[in-house]
2 protein chains.
Amino acid sequence: MPKNQLPQLVKGTRDVYAAQAMQRSYIIDHIKAVYQSYGFMPLETPALEQVSTLLGKYGADGEQLIYRILNSGDFLAGIDASASTDYKTLLPHIAEKGLRYDLTVPLMRYVATHHHELVFPFKRYQIQPVWRADRPQKGRYREFYQCDADVIGTPSLWIEAELLGMVHEVLARLGITDFKVSLNNRAILNSIVTLMGAAERVNEFCMSIDKLDKVGTERVMQELINKGFERTALEKFAFIFDMQGDNAANLQVLRTYLQESDSGLEAIASITEILHLLTKLGIPDNHITIEPSLARGLAYYTGTIFEVTLPNVSIGSIVGGGRYTNFGEAFGLMHMTGVGLSFGVDRLCVAMESLGVFPDSMGVATKVLFTNQSQEIPDLVSKVIPQLRQNNVAVEVYPEPISLKKQLSYANKKLIPFVVIIEEEELKTKKYILRDMNKGTQNLHTAQELINLLRCL
Amino acid sequence: MPKNQLPQLVKGTRDVYAAQAMQRSYIIDHIKAVYQSYGFMPLETPALEQVSTLLGKYGADGEQLIYRILNSGDFLAGIDASASTDYKTLLPHIAEKGLRYDLTVPLMRYVATHHHELVFPFKRYQIQPVWRADRPQKGRYREFYQCDADVIGTPSLWIEAELLGMVHEVLARLGITDFKVSLNNRAILNSIVTLMGAAERVNEFCMSIDKLDKVGTERVMQELINKGFERTALEKFAFIFDMQGDNAANLQVLRTYLQESDSGLEAIASITEILHLLTKLGIPDNHITIEPSLARGLAYYTGTIFEVTLPNVSIGSIVGGGRYTNFGEAFGLMHMTGVGLSFGVDRLCVAMESLGVFPDSMGVATKVLFTNQSQEIPDLVSKVIPQLRQNNVAVEVYPEPISLKKQLSYANKKLIPFVVIIEEEELKTKKYILRDMNKGTQNLHTAQELINLLRCL
């Protein structure tokens, strides 16, 4: 069949097979285990949500990226389509469902609907794909996994400390030792902008400093000046873009500059408290950096914010999170505070690949291939194979009695490390050849020896 | 907020939380482990497929149930919508993507696109949700999981034996001891219909006998007669609807009746061989029943077919599978034979719940709650909690110093089995109260004792 007739993937999506799929599972399994060890319970929500649930939550730009599902059956029934030449007029009538765009809005919907029966503080994790009709870019897909953990209903900073504890624990389990946790509080940014006399322009300010990593201090300053922020005021606070001291010293500097702002001092106290609580969890603070210029784009954060980057891999943040008050207000849920974090699995995958910290065997399913050299599959199979599989050693029997050379070639291509060769001669002596495919060595073993050897792989 | 303003789920979908989500994971994890122990590798495909990939694969009725995604942006651009008052005319132009409907077509697409680089026999498993715009019914959802394993590219019956071996292993690991595997071959049905002189009407015949479980033999016979099948011919073969002997005897009966049909005898021989190979895998045949009336609706099966039911739970089949030749022909992939099976996770969940075979602790995340009785979280926390969490014991610290009664009530509601109570007095003696919430007993322990005790939960 000519290549151009082959079925195509939807642009911006991909298949994930073997090693890649196992890497993703490996990361997700570790994140899940850590979330659960902190008492979080799993939630799974449907891929399909009412468009009315999704609208008004992601801003105008975000809303453009929601995938809409065409109503089933005659979607034009009862609609005067000839009158609707503009797609925006038609849209709400023909597509009432959309695809999950993040995991926060489904959480809000769930809590709003079930809050009478839920136990608060409510701790849930959710690991599912989301879909965004974004322009496809290298390493950026229209379907990707989010791994969220959130606690709803307590203002306690202990939760912030525990979330940061989970970050440390997940990264330790994944073998990532070099990472940087940037920690801030939106109230610090708010009070700085207020002290600059531009209280109502916090979001504009944050949008600019959010680009700090990409464009550098000078261009951010210029952009802020162009936006009409006062140069002298900006220069007074420019120190936040490049603090060099340790955390204690930097907090002290902030205390001095924000002494006129009660909410600023409160935010500094809460960061100090989080650092203190982390020691209670036995977590060293050498990965944590107070970074008052950290903004984390999303406007809905109101308190603590943090993100994690890897000094040796330029891939952006691999974890982000923070506290938001007014959680679920859009669904009528008043006075609920929430705090959460999200691991970026796809970025973590790329990062771990580049750091070389995945286990060597990733992507190799089968550990042992039993060759097949006669029409009659030998009884050895029933003595050895079930025992190995019950011990989760992956075993294959080559399904057809083709030439040994071809069967070894199959093992080679699939990177199968061991092959058991069963020839007529061996069937008589009740000993079997075990071939180490990496070393190229062969040895004779009894059935019981095979089990003992291979079970420990 | 008045209830009618609360956000609604899309009809036919559901949220899955806590115990339910953990049950689903428990089943999927076991299936995955068994699939992997047989050398299958994971594949994940995107939720979004080109509509052109999906069409022509599921029959006219199935096609109605495919969810279509509205093209992003101005989906009416370049279309004269006023001319398209019929939705069917408009449909192909405004919705070019659809949601994954099963896992077989994505597999075909994957193999067709990559067959030059894949190693055959190609063994993949895939566990992902699929979506169908079906009429919602009790226990039947528009989003549900499929758990498929398929082997492409070998006619060897060893694979059939291994697939049935996987069924036995999965059910054993899940604690399901009472189950029935019905085994047949489409060629037996073909040869029966051919011997009845209605060769070209096999599908019609199969569609009727597929209802056997629901409506009984008499109504199936009546329907076949109404369809124009000959009564005498039907009566000659009516024995297949109710065979009472053991497998060997029934195979002998079939051999006698089908002696005129080469393909029929071949199919009987292949079933005999599968039973023989199962003994090689150490699998007893007491769960397996030869059932020549088993049709398995889907017309694409061409060889072995099987399904698994539970005698004590009337929920339909929990596993189904079979062999299909002409795999991937729709995508230009010629002469490829495939054989596979699929576990119905949602049905398995309901069945296991009703059989009471889920572990007791399912749905309880947290094993130990540490109470919080002062502003200052005690140092004990850093001595005990990280060690427990590293051993995957789920631990929570109540985040606020509210009354002990309320904290115990939180533990009660969340079914947390143990609570560590840390009061002033205990902090001095360095001993801590461990309360067993189920027994209502309390004991004093040192930090080290706590770790040892709780680690073994």
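Residues numbered from 1 in each chain as written. Chains lettered and ligands numbered in written order. Predicted model: local features only at pLDDT ≥ 70, side-chain atom pairs only at ≥ 80, totals over all residues. Heavy atoms only, no water.

A word on the nonpolar core
Here is the rule: Take the buried residues of types Ala, Val, Leu, Ile, Met, Phe, Trp, Tyr and Cys, join any two whose side-chain atoms come within 4.5 Å, and each joined set is a nonpolar core. Think of it in three bands: with a 1.4 Å probe and only protein chains considered, a residue is buried below 20% of the maximum accessible area for its type, exposed above 50%, and partly exposed in between. Labels follow the DSSP assignment, with helices taken as runs of H or I lasting at least four residues and strands as runs of E lasting at least two, numbered in each case from the N terminus. A contact between two residues is defined here by any heavy atoms of the two lying within 4.5 Å.
Formed by 133 residues in total, the largest nonpolar core has its most connected members in Ile27, Tyr35, Leu341 and Phe343 of chain A together with Phe370 of chain B. Among the elements that make up this core, the one with the highest residue count is helix α6 (residues 157-174) of chain A (11 residues). When neighbours within four sequence positions are excluded, Tyr35 of chain A is seen to be in contact with Phe40, Tyr125, Cys147, Asp148, Ala149, Met166, Leu341 and Phe343 of chain A. With 132 residues, the next largest nonpolar core counts Tyr58 and Tyr432 of chain A together with Cys206 and Ile283 of chain B among its residues.

Observations regarding helix α10 (residues 217-226) of chain A
Residue and element names in this part refer to chain A. Put simply, the rule reads: In this description, the arc belongs to the directions extending from the helix axis to the C-beta atoms.
Among all positions of α10, only Val220, Met221 and Leu224 are buried. Viewed end-on, α10 has its buried residues packed into an arc of 100°, placing them on one side of the element. Exposed positions of α10 whose direction lies more than 90 degrees from the buried face are Glu218, Arg219 and Asn226. On its buried face, α10 is in contact with α8 (202-209), α9 (212-215) and α11 (231-237). Just beyond α10, the residue with positive phi is Gly228, at close to 105°.

As for empty space enclosed by the protein
Our working definition: The method works on a 1 Å grid over the protein atoms by themselves. A cavity is a set of points holding a 1.4 Å probe that cannot get out, a pocket is an open set with protein on both sides within 12 Å along at least five of seven lines, and residues with an atom within 4 Å of a point line them. Grid points are joined across faces, edges and corners, and a volume is the space filled by probe spheres set on the points. Here the nonpolar group is Ala, Val, Leu, Ile, Met, Phe, Trp, Tyr, Cys and Pro; Asp, Glu, Lys and Arg are the charged ones; every other residue, Gly included, is treated as polar.
One pass over the structure, following the stated rule, counts 2 cavities of 30 Å³ or more. Considered as a void within the structure, the largest cavity measures approximately 920 Å³ in volume. The set of elements that each furnish at least two residues to the lining of the largest cavity consists of α1 (19-37), β2 (41-44), β6 (122-131) and β7 (143-152) of chain A together with α1 (19-37), β2 (41-44), β6 (122-131) and β7 (143-152) of chain B. A per-class count over the lining of the largest cavity returns 24 nonpolar, 11 polar and 14 charged. Reported here for the second largest cavity is a volume of approximately 30 Å³. Lining of the second largest cavity is provided by Pro121, Lys123, Val151, Ile159 and Glu162 of chain A together with Glu396, Val397, Pro399 and Tyr410 of chain B.

Comments concerning the pairing of strand β12 (residues 338-343) of chain B
Where a strand is regular, its side chains alternate between the two sheet faces. All names here are of chain B. Using the following cut-off: Paired strands, in this sense, are two strands between which DSSP finds at least two bridges.
Counted residue by residue, β12 has 5 buried out of 6 residues, so it is predominantly covered. Relative to β12, β7 is paired through 6 bridges, and the arrangement is antiparallel. Across the sheet, Asp150 pairs through a bridge with Gly340, a residue of β12. Looking at chain direction, strand β11 (residues 319-324) and β12 are connected through 6 bridges and run antiparallel. Counted as the bridge partner of Arg323 is Val339 from β12.

A word on the interface of chain B and chain A
Quick reminder of the rule: Buried area, as used here, totals the accessible surface that two parts lose on assembly, with accessibility defined by a 1.4 Å probe and the loss added over both. By convention in these notes, a salt bridge is any Lys or Arg side-chain nitrogen within 4 Å of a carboxyl oxygen on Asp or Glu. Identification of polar contacts relies on pairs of N or O atoms within 3.5 Å, with a donor-acceptor requirement for protein atoms, meaning one able to donate a hydrogen and the other able to accept it, and with residues adjacent in sequence counted only if both atoms are side-chain atoms.
If you look at the interface, chain B gives 111 residues, while chain A gives 112 residues. In this assembly, chain B packs against chain A so that about 9,100 Å² is buried in total across both faces, 61% of it on carbon and sulfur atoms. One can count 12 salt bridges joining chain B with chain A. In this structure, Lys123 of chain A and Glu396 of chain B form a salt bridge, with 3.4 Å as the shortest nitrogen-oxygen distance. For the interface between chain B and chain A, the tally reads 40 residue pairs in polar contact (both at pLDDT 80 or more). In terms of residue count, α1 of chain B provides more of the side of chain B that touches chain A than any other element does, 8 residues in total. Of the residues that constitute the side of chain B that touches chain A, the class distribution is 58 nonpolar, 28 polar and 25 charged.

Quick word on the sheet that holds strand β16 (residues 432-436) of chain A
In any sheet, the strands associate via hydrogen bonds between backbone groups, in a parallel or an antiparallel arrangement. All names here are of chain A. Note the cut-off: For helices, the fitted line uses only the C-alpha atoms of the stretch in contact; every axis is such a line through C-alpha atoms, and the angle between N-to-C directions lies from 0 to 180 degrees.
What the 5 strands build is an open sheet, ordered β14-β13-β15-β16-β17; its pairing is mixed. Each end of this open sheet is capped by a strand with a single partner; those strands are β14 (395-397) and β17 (441-445). When strand polarity is set aside, the average angle formed by the axes of neighbouring strands in this sheet is 25°.

Description of the relation of the copies chain B and chain A
So the rule is basically this: For this overlay, a least-squares fit was computed on C-alpha atoms, restricted to residues scoring pLDDT of at least 70 in both copies.
Placing chain B over chain A gives an RMSD of 0.0 Å and needs a rotation angle of 180°, together with 0.0 Å of translation along the axis. Read as a symmetry element, the transformation amounts to a two-fold axis. Interface overlap between copies is the fraction of interface residues in one copy that are interface residues in the other; for chain B against chain A it reaches 100%, indicating a shared surface.

Observations concerning the side chain of Glu49 of chain B
Take Glu49 of chain B: it is sitting in strand β3 (residues 48-50). On the accessibility criterion, Glu49 of chain B (1% relative accessible area) is buried. A polar contact is formed between the side chain of Glu49 of chain B and the side chain of Arg109 of chain B, at a distance of 2.8 Å. Excluding residues within four positions of it along the chain, Glu49 of chain B makes contact with Val10 of chain A together with Leu54, Glu96, Lys97, Gly98, Pro106 and Arg109 of chain B.

Looking at the side chain of Asn247 of chain A
Residue and element names in this part refer to chain A. Tracing the backbone through its elements, the reader meets Asn247 in helix α12 (residues 247-257). For Asn247, a relative accessible area of 13% corresponds to the buried category. Aside from chain neighbours lying at most four places away, what touches Asn247 is Leu275, Asp285, Ile288, Thr289 and Ile290.

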